[in-house]
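# Inside the fold
Letter by letter, the chains look like this.
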Amino acid sequence: MTDLLWTVGPPFLLLNGVLIFVTYLTLLERKFAARLQSRVGPYEVGRPHGWLQPIADAVKLLLKEDIVPAAADRAVYNLAPIVFLVPAFLMYAAIPFARGWALADLEIGLVFVLAVSSLEVVGLFMCGWGSNNKYALLSAMRAVNQIISYEVPFILVALVPVVLTGSLRLSTIVDAQQGLLGWFVFYPGLGQLAFVAFVILALASENRIPFDIVEAESELVAGFRVEYSGMKFALIQLAEFVHLFGVACLGTLLFLGGWLGPGPAALGPIWFVLKALVLFLVVVWVRWSFIRIRVDQILALSWKVFLPASVVLLLAAGAVVAAGGGAGA
Amino acid sequence: MPEGGVRTAVRMARAAGTAMAVTLRNLFRTPVTVHYPRVTRPYPERFRGVLALTYDPETGEENCIGCRLCEFICPPQVIKVEMLKAEKRNYAKLFTLELYACEFCELCVQVCPTDAIVMLRTFDLATTDRRELLLDKDRLHALGRQFPPSWATGTGLRAMQAPPARGGAKGEAAKDAAE
Amino acid sequence: MTTPARTVVEYGYGGNERLVMNMGPQHPSAHGVFRMILTLEGETIVGVDPVIGYLHRCHEKLGETLTYVQYPSIASKTDYVSAMTAELCYVRAAEQLGQIDVPKRAQYLRVLAAELQRVASHCLWLGTWCMDMGGALGGGATMFLYCFREREMILDLFEALTGARLLYGFHQVGGTRYDIPAGWADKCRETIAHVEGRLGEYEALLEGNTIFLVRTQGVGVISPALAQEVGVSGPLLRGSGFSHDLRRVEPYSSYEDFAFDVPVETAGDCHARYRVRMQEFRQAIRIVRQALDGLPAGPISSRPGVKSIGQVKLPKGETYARVESARGEVGIYLVSDGSTKPYRMKWRGASFSNLAVAGHILPGHKIADAVAILGSIDPVFGEVDR
């Protein structure tokens, strides 16, 4: 019995914890964005700071009518949000929140996380295809284009800390970043460049502005999600935020020292979440400061700028390690 | 990396940094939101709000003499007046104003010879039934008692616009009205 | 270049891997109600069929049924974003026909109103353009809210002046209806100083921004020949190299008393039109300051205030009056038969002629450029459809 509890309990807690946390992340984004724009965000629901807004949104979406377009491909249409959601949650299985606090601290942790997060594009395309809608299809095709083009440089840049550490295990990478200046973001030259590249490429692989040509509200009116309403839409929104936070966690682990921070080791998870939140807020800050780039320019940027840059960064990391630098075994 | 590439990259980074700095600066400014309806912003003196009919402050009589000038001048023709003749002066027997079609142009206020119709410093008459926005005479008088009127009255507006007469007396009135 | 006729079935494929897509009247970036039937090849637009008329409200017929004292309040509803210049055009036409003088103070007040309105209108243009390019939920929305924050301050000024925020009824035949209240001049100076400071912030957000430059430079080029052929005006014309500003060419309402520059750019693309409008911001602020400093005393109307519906009667004749609004040349052709109402009144909408250029320059661009180009044309559909 206790065996069963130990098997089911932690994933259950993790999933629900992430779910509730990410729901409130939407509120955080809205309040932060509002303050960037000289206004207050949600205020009335759960006065005075809109604390009940995410719950109100969830209830509203639950109560909405579930419309399926007549000509839609039913199986694909209904399965798509789930296929979109599951890989996002699956990422968290391999992410350690503190020393020993991972569901599965895999030897190849980074590879697992990156591979699973790449499955998102399948769900996205299923959404666009199943909707039987020109706008959705156009958007889905742009998405496939963009995400696939940006996965390669993203992975290469994510490998820079791996090269510096010598291991793919995420907890080892964090252990190699002891001390405040040991964080890879403070690594002279290489660390800053890799971190900036990581943030930009993360934005691109999650369809966040300035790379959100996929949704492009003012052109394609919600793009691949245009035919979804009610709970299915909620699942898609949730999946996007869960994925975003997952990538923020990954960035924390790779560059910001994960759970390391002053104070007792028990504070580890709190430092981790705080750092991930900082990364999340940076992403939100970027989102609300820039206009979007056109699709052909996005692809040109990916293949002509970011791919060579990430290859050069990786080679530089290798050169540094070969010359005796790097951290950890 | 090619020389031009590095310089371009630095320029791009600097531009991106400037943009983000502007947004960050706004993060620390007070929001401009006015938490309506708990807080209302101060409406200026000349605010053209909901219309109302007035009483003479000294005698307590209705100001409206039913002359129908407002009905004729109204561009969307929302006012309907029927005159009631009486001994000393005329009244309006019927005065309806369709507020849902009103343009709030203040022309009716402008032409009124007795300053009977005025606009109030409120706009807040939102309702779920459009029939409540068909204001009849009683409602118009009640609104006039309920809310503060704006500055504009017929005589005031006409005095502001009148060119100075050859004596200069009206010019003085115009200057006073402009103060 | 052949554009598909209106009878073509919409949801069909035109062969050659072409997609006929409707960027319909309800669209977040249609700037109003505007329909474009686009023929796409992949992401590139190869044909445009613009459809207008969704906002037609029979203004020209209204002009025949309403008298000269009633219509100025309605005139503001054609170009509702730049309402002061629309009203100004109508009263100027009436005054031109009736040879009615306008006192100096009224002329300066009109200039003041028109230039403040230009600043407010350009604020709206910049905000909505960035929102179209950036997304209603992204960086564009940030620019939108900043611009509207400043526009609201100017609207507060107008509210203190006339009592209304968008559709003013400020002008009447012979002068203006309202004079400036006490303390307004100081508030006006404060507001425009504030707006001028914020202009610097907008430029910082956009100017060197590579994304912005890449999306606007070389996009939507209107060649000088095309500009003349289609008959565009305003910032579109000045962005293509023509130094043509009605306030210089045919000064009206004492514009000859004011010192201001007419910004001209030669590139003809969206970026050039952006630069022209940003400089127009500053020039308009300059004119407002001069108007406030030099405001003469005197009456605000050469005719007594409106007391009856038939107060203004114009002699028989016809005339064409035009003003330089924020969008370009707004004109009214007025035919009078000697009564209190026009016999015929025709609006020359700046946006109508400006929008016609869209059909010529859109093919060859991507869909994303379509919104950028439409935004830089800055159409207001009240003017297009009337």
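The model shown is predicted, which means the values in this text are computed figures rather than measured ones.

This paragraph deals with the overall build of chain A. Of regular secondary structure, chain A possesses 12 helices and zero strands. Helices (α) and strands (β) of chain A occur, in sequence order from the N terminus, as α-α-α-α-α-α-α-α-α-α-α-α. Against the 2.2 N^0.38 benchmark of 20 Å for 329 residues, chain A shows a C-alpha radius of gyration of 20 Å, consistent with a compact globule. With the C-alpha coordinates aligned to their principal axes, the bounding extent of chain A is approximately 65 × 50 × 45 Å. By residue count, 55% of the 329 residues in chain A fall in the buried class. Taking as baseline every contact in chain A between residues at least 6 positions apart, the subset at least 24 positions apart corresponds to 75%.

Residues and elements named next belong to chain C. As enumerated under the stated definition, the model contains 29 aromatic pairs over all chains in all. Centroid distance F158 to Y168: 4.8 Å. Interplanar angle 50°. Geometry classified as tilted. Residue F158 is located in helix α5 (residues 139-162), and its partner Y168 is located in the loop between α5 and β4 (171-172); the two are separated by 10 residues in the primary sequence. Residue F158 is classed as buried on the basis of its relative accessible area of 0%. In this structure an aromatic cluster arises from ring pairing among Y108, Y252, Y255, F258 and F260. A cation over a ring is seen here: R277 above W125, with NZ or CZ 4.8 Å from the ring centre.

Turning our eyes to something else, we now look at the interface of chain C and chain B. A common way to state how big an interface is: give the accessible area lost once the parts meet. The interface of chain C with chain B comprises 46 residues on the first partner and 34 residues on the second. Across the chain C to chain B interface the summed buried area is about 3200 Å²; carbon plus sulfur atoms make up 56%. It is C:E159, C:R177 and C:E201 in chain C that bury the most area against chain B; as a group they hold 17% of the surface buried on that side. Across the chain C-chain B interface, the total number found is four salt bridges. Here C:E201 makes a salt bridge to B:R25, at a shortest N to O gap of 2.9 Å. Linking chain C with chain B are 19 residue pairs in polar contact (both at pLDDT 80 or more), by the criterion used here. Those elements giving two or more residues to the side of chain C that touches chain B turn out to be α2 (71-75), α5 and α6 (184-206) of chain C.

This next bit is on the confidence of the model for chain A. Within chain A, residue pLDDT values average 85, and 95% of them lie at 70 or more. The element-level mean pLDDT for chain A is lowest in helix α9 (residues 217-220) of chain A, coming to 49, with helix α3 (residues 74-91) of chain A highest at 91.

Before going further, it helps to examine the interface of chain A and chain B. With 14 residues of chain A at the interface, the matching set in chain B holds 12 residues. When chain A packs against chain B, close to 1400 Å² is buried across both sides, 67% of that on carbon and sulfur atoms. Applying the counting criterion to the chain A and chain B interface returns one salt bridge. Scanning the region where chain A abuts chain B turns up five residue pairs in polar contact (both at pLDDT 80 or more). Listing elements by their share of the side of chain A that touches chain B, those giving two or more residues are α1 (2-36) and α11 (268-287) of chain A. The element contributing the most residues to the side of chain A that touches chain B is α1(A), with three residues. Residues belonging to the side of chain A that touches chain B are distributed by class as follows: eight nonpolar, two polar and four charged.

Attention shifts here to the sheet that holds strand β6 (residues 317-324) of chain C. Residues and elements named next belong to chain C. With antiparallel pairing, three strands are arranged side by side in an open sheet as β6-β7-β8. Each edge of the open sheet carries a strand with a single partner, namely β6 and β8 (342-348). Between one strand axis and the next, the sheet turns by 15° as a mean value, whatever way the strands run. Where strand β7 (residues 329-336) lies against β8, six bridges are found, and the strand directions are antiparallel. By the bridge assignment, G331 is partnered in β8 with R348.

Let us look at the confidence of the model for chain B. In low-pLDDT regions, the fine details of the predicted coordinates are not to be read closely. All names here are of chain B. Here chain B shows a mean pLDDT of 84. Residues at 70 or above account for 88%. Scored below 50 in pLDDT, residues 167-179 shows 15 contacts in the model against residues more than four places distant or in partner chains. Of the two predicted TM-score estimates for the complex, the pTM is 0.86 and the ipTM is 0.83.

This part covers the packing of helix α4 (residues 109-118) of chain A against helix α10 (residues 230-255) of chain A. Relative placement of two packed helices is described by the angle separating their axes and the distance separating the axes. Residue and element names in this part refer to chain A. Two elements in contact, α4 and α10, have axes separated by 12 Å at closest approach and are oriented at 155°. Regarding the angle of α4 to α10, the classification is roughly antiparallel. For the crossing formed where α4 meets α10, the hand is left-handed. Within the contact between the two elements, α4 uses L110, V113, L114 and S117 and α10 uses H243, L250 and L254. Partitioned by chemical class, the residues of the contact of α4 with α10 number five nonpolar, two polar and no charged.

All names here are of chain C. All chains considered together, the criterion is met by 42 salt bridges over all chains. Two residues, E152 and R165, come together in a salt bridge whose shortest N-O distance is 2.7 Å. Remark: R165 occurs in the loop between α5 and β4 and E152 occurs in helix α5; sequence separation between them is 13 residues. Classification of E152 by relative accessible area gives partly exposed; the value is 35%. One salt bridge in this structure joins E196 and R289, with 2.9 Å as the shortest N-O distance. With E196 in helix α6 and R289 in helix α11 (residues 270-293), this pair connects stretches of sequence that are 93 residues apart. Exposure remark for E196: the relative accessible area of 25% places this residue in the partly exposed category. Under the relative-accessibility criterion, R289 is labelled partly exposed at 29%. Counted as one network, the salt bridges with shared partners bring together E115, R118, R238, D245, R247, E280 and E324.

All names here are of chain A. One can describe the packing of α4 onto helix α6 (residues 134-165) by two numbers: an axis separation of 11 Å at closest approach and a directional angle of 165°. Here α4 lies roughly antiparallel to α6, going by the angle between them. In this structure, the crossing between α4 and α6 has a hand that is right-handed. For the pair α4 and α6, contact is made by L110, L114 and S118 and by E151, F154, I155, A158, L159 and V162, respectively.

On to helix α4 (residues 137-146) of chain B. Residues and elements named next belong to chain B. Every buried residue of α4 is accounted for by K137, L140, H141 and L143. End-on view of α4: buried residues confined to an arc of 160°, all on one side of the axis. Every exposed residue of α4 that faces more than 90 degrees away from the buried side is listed here: D138, R145 and Q146. Contacts made by the buried residues of α4 are with β1 (51-53), β3 (91-98) and β5 (134-135).

Our focus in this paragraph is the state of the cysteines. The full count for this structure, using the stated rule, is zero disulfides over all chains. Looking at the unpaired B:C102, the closest cysteine sulfur is the one in B:C108, lying at 6.5 Å. The buried category is assigned to B:C102, whose relative accessible area is 16%. Here C:C147 stays unpaired: no disulfide links it, and the sulfur of C:C123, its closest cysteine neighbor, is 5.5 Å away.

On to the layout of surface pockets, then. Put simply, the largest pocket is a space of about 1600 Å³. Forming the boundary of the largest pocket are 47 residues, of which A:V196, A:I200, A:F306, B:A9 and B:M12 lie nearest the centre. Elements supplying a minimum of two residues to the lining of the largest pocket: α8 (190-205), α11 and α12 (295-322) of chain A, α1 (3-27) of chain B together with α7 (210-216) of chain C. Of the residues that constitute the lining of the largest pocket, the class distribution is 39 nonpolar, seven polar and one charged.

Residues and elements named next belong to chain C. Strand order in the open sheet made by the three strands is β1-β2-β3, with antiparallel pairing throughout. Each edge of the open sheet is held by one strand with a lone partner, namely β1 (18-23) and β3 (44-51). Each adjacent strand pair in this sheet contributes to an overall mean axis angle of 20°, direction not counted. Note that β1 and strand β2 (residues 35-41) share six bridges and pair antiparallel. Paired with L19 across the strands is L40, a residue of β2.

Basis of the calculations
Residues numbered from 1 in each chain as written. Chains lettered and ligands numbered in written order. Predicted model: local features only at pLDDT ≥ 70, side-chain atom pairs only at ≥ 80, totals over all residues. Heavy atoms only, no water. Helix = DSSP H or I, 4+ residues; strand = E, 2+ residues; numbered from the N terminus. Rg over C-alpha atoms; globule rule 2.2 N^0.38 Å. Buried < 20%, exposed > 50% of the residue type's maximum accessible area, 1.4 Å probe, protein only. Contact = heavy atoms within 4.5 Å. Phe/Tyr/Trp six-rings, centres within 6.5 Å; stacked < 30°, edge-to-face > 60°. Lys NZ or Arg CZ within 6 Å of the ring centre and 35° of its normal. Buried area = accessible area lost by both parts, 1.4 Å probe. Salt bridge = Lys/Arg side-chain N within 4 Å of Asp/Glu carboxyl O. Polar contact = N/O pair within 3.5 Å; in protein donor to acceptor, adjacent residues only side chain to side chain. pLDDT = per-residue confidence, 0-100. Nonpolar A, V, L, I, M, F, W, Y, C, P; charged D, E, K, R; others polar. Pairing = 2+ DSSP bridges. Axes fitted to C-alpha atoms, helices over the stretch in contact; angles between N-to-C directions. Parallel < 35°, antiparallel > 145°, perpendicular 65-115°, else oblique. Left-handed = near helix turned anticlockwise from the far one by under 90°. Arc of directions from axis to C-beta. Disulfide = S-S within 2.5 Å. 1 Å grid on protein atoms, 1.4 Å probe; cavity = no way out; pocket = protein on both sides within 12 Å on 5 of 7 lines; lining within 4 Å. Points joined across faces, edges and corners; volume = space filled by probe spheres on them.

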